[in-house]
Amino acid sequence: MIRASDWNNRYGRPRRRRRRHGCLTRLVTTVVVLAVLVGFFWWQQNGLSSETLSVPAAPDGFAGTRIAVVSDLHGKEFGEDNERLLAYIRDLEPDCIAVVGDLLHEEAQLAMVPAVARGLAAIAPTYYVTGNHEWAAGVAPQLEELLTDYGVTVLSNEYVMLEQGGDRIALVGAEDPNGYADQPTVAQLLDQVRAEQGAVYTVLLSHRNNHYAQYAEARADLTLSGHAHGGLIRLPGTDGLIGPKRELWPAYTAGLYDLDYGQMVVSRGLGNQFPCFRLFNRPDVPLVVLE
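Quick summary incoming for the structure in this document. Note that the structure is predicted; figures quoted are calculated from it, not measured. (Residues numbered from 1 in each chain as written. Predicted model: local features only at pLDDT ≥ 70, side-chain atom pairs only at ≥ 80, totals over all residues. Heavy atoms only, no water.)

**A short note on the overall build of the protein chain**
So, point 1. When its secondary structure is counted, the protein chain shows eight helices and 12 strands.
So, point 2. For 291 residues, the compact-globule estimate of 2.2 N^0.38 gives 19 Å, and the protein chain exceeds it by more than 25% at 26 Å.
So, point 3. A principal-axis box enclosing the C-alpha atoms of the protein chain has dimensions of 115 × 40 × 35 Å.
So, point 4. A total of 291 residues make up the protein chain; the buried ones form 50% of that total.
So, point 5. Per element, the accessible surface of the protein chain, about 14800 Å² overall, is 53% carbon and sulfur. (Helix = DSSP H or I, 4+ residues; strand = E, 2+ residues; numbered from the N terminus. Rg over C-alpha atoms; globule rule 2.2 N^0.38 Å. Buried < 20%, exposed > 50% of the residue type's maximum accessible area, 1.4 Å probe, protein only. Areas by Shrake-Rupley, 256 points an atom, 1.4 Å probe, with all protein chains shown as cover.)

Below is the structure:
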């Protein structure tokens, strides 16, 4: 009679089925981890976010005024006709909406503009200035006309006066530098406002965050901008990894900043132009509250 120990020494121990179960466990774990990573990446590109930024020193009559800043949509659609984006902005309960450029970057994306323009204008008075991409695509004049047709106020190196509680604010819109060759500078535009309206609080809509020195020199009290996409990849202790000119470690890419004169709010934006992607930097609609 062969003992079990002799059999095992001669032929080895019989295989156990638990190895098969171990392979299955590793497979399921791998699939779950991949699904979580894919879901996280999708959420980084499509999960809307907002932060409330309180801006002091505005006229008392405008205390509590809420401004939603929409920037760098780049033709992206959050649901059919951007309904998810519009619902998100509606829930912020803004008193007005500032669209600060790069609504699209190619002519084919004009088709999505009516739904966005009509939807934003139905939420609150909406004001628009161009970014660099509308001009690069050669559609800026056509886009501005389309936005106007659907209820958005286009500020093409123009301003409107807002009055509330006995106080006034000049809402000033500067065309992007990619625009008309003979257009006024930001400083000339704000000098015009002060010459015509006196010493009035100015809110400047201007796309490019990296022109902050110009905004300070022009003495804009508050500038609303975008352009940097939040630096695309936001690492702890940084203002983003990649700037608008593909420079590393950009500055002034998201949030509220004190300038040498006045303040600037920068939106991280909503969309991207392929092949860019976001990481730790979800699409953003900052809400500015005047105090």
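**Brief notes about the side chain of R268**
So, point 1. Along the polypeptide, R268 turns up in the loop between strand 11 (263-266) and strand 12 (287-290).
So, point 2. A relative accessible area of 13% places R268 in the buried class.
So, point 3. Within the local environment of R268, its side chain forms a polar contact with the backbone oxygen of R282, the two atoms lying 2.8 Å apart.
So, point 4. The residues touching R268, leaving out its near neighbours within four places in the chain, are S49, E51, H229, G230, R234, T253, A254, R278, N281, R282, P283 and D284. (Polar contact = N/O pair within 3.5 Å; in protein donor to acceptor, adjacent residues only side chain to side chain. Contact = heavy atoms within 4.5 Å.)

**Let's talk about the packing of helix 4 (residues 113-123) against helix 6 (residues 140-149)**
So, point 1. Across the interface, helix 4 lies against helix 6 with an axial gap of 9 Å and an inter-helix angle of 45°. Relative to helix 6, the element helix 4 is oriented oblique. Every pair of crossing elements has a handedness; the one defined by helix 4 and helix 6 is right-handed. Where helix 4 approaches helix 6, its residues V113, P114 and A117 are matched on the opposing element by L143, L146 and L147.
So, point 2. When its residues are assigned to classes, the contact of helix 4 with helix 6 shows six nonpolar, no polar and no charged. (Axes fitted to C-alpha atoms, helices over the stretch in contact; angles between N-to-C directions. Parallel < 35°, antiparallel > 145°, perpendicular 65-115°, else oblique. Left-handed = near helix turned anticlockwise from the far one by under 90°. Nonpolar A, V, L, I, M, F, W, Y, C, P; charged D, E, K, R; others polar.)

**So, the nonpolar core**
So, point 1. Membership of the largest hydrophobic core comes to 31 residues, with the highest contact counts inside it found for I89, I97 and L147.
So, point 2. Counting residues per element, this core draws most heavily on helix 4, which supplies five residues.
So, point 3. The residues touching L147, leaving out its near neighbours within four places in the chain, are L103, V113, A117, Y128, V152 and V154.
So, point 4. Core analysis: the next-biggest nonpolar cluster, separate from the first, contains 22 residues, L53, A98, V100 and L222 among them. (Core = buried A, V, L, I, M, F, W, Y, C linked by side-chain atoms within 4.5 Å.)

**Let's talk about the pattern of salt bridges**
So, point 1. Tallied over the full model, the rule gives five salt bridges.
So, point 2. With a shortest N-O distance of 3.4 Å, R194 and D191 are connected by a salt bridge. With R194 and D191 both in helix 7 (residues 186-197) and three residues apart, the pair spans about one turn of that helix.
So, point 3. The exposure class of R194 is buried, given its relative accessible area of 18%.
So, point 4. On the basis of relative accessibility, which here comes to 41%, the residue D191 falls in the partly exposed class.
So, point 5. The residue D284 makes a salt bridge to R268 at a minimum N-O spacing of 3.8 Å. Separated by 16 residues along the polypeptide, D284 in the loop between strand 11 and strand 12 and R268 in the loop between strand 11 and strand 12 bring together distant segments of the chain.
So, point 6. Put simply, E51, R268 and D284 are held in one network by salt bridges that share partners. (Salt bridge = Lys/Arg side-chain N within 4 Å of Asp/Glu carboxyl O.)

**Details of the pairing of strand 4 (residues 126-129)**
So, point 1. Both faces of strand 4 are covered, namely the face carrying T126 and Y128 and the face carrying Y127 and V129.
So, point 2. As judged from the four bridges shared by strand 3 (residues 96-100) and strand 4, these two strands associate in the parallel manner. Paired with I97 across the bridge in strand 4 is T126.
So, point 3. In this view, the connection linking strand 3 to its parallel neighbour strand 4 by way of helix 4 has right-handed handedness.
So, point 4. Judged from the two bridges that link them, strand 4 and strand 5 (residues 153-154) form a sheet pairing that is parallel. Within the sheet, the bridge partner assigned to Y127 lies in strand 5 and is T153. (Pairing = 2+ DSSP bridges. Right-handed = clockwise from strand over helix to strand, strands pointing away.)

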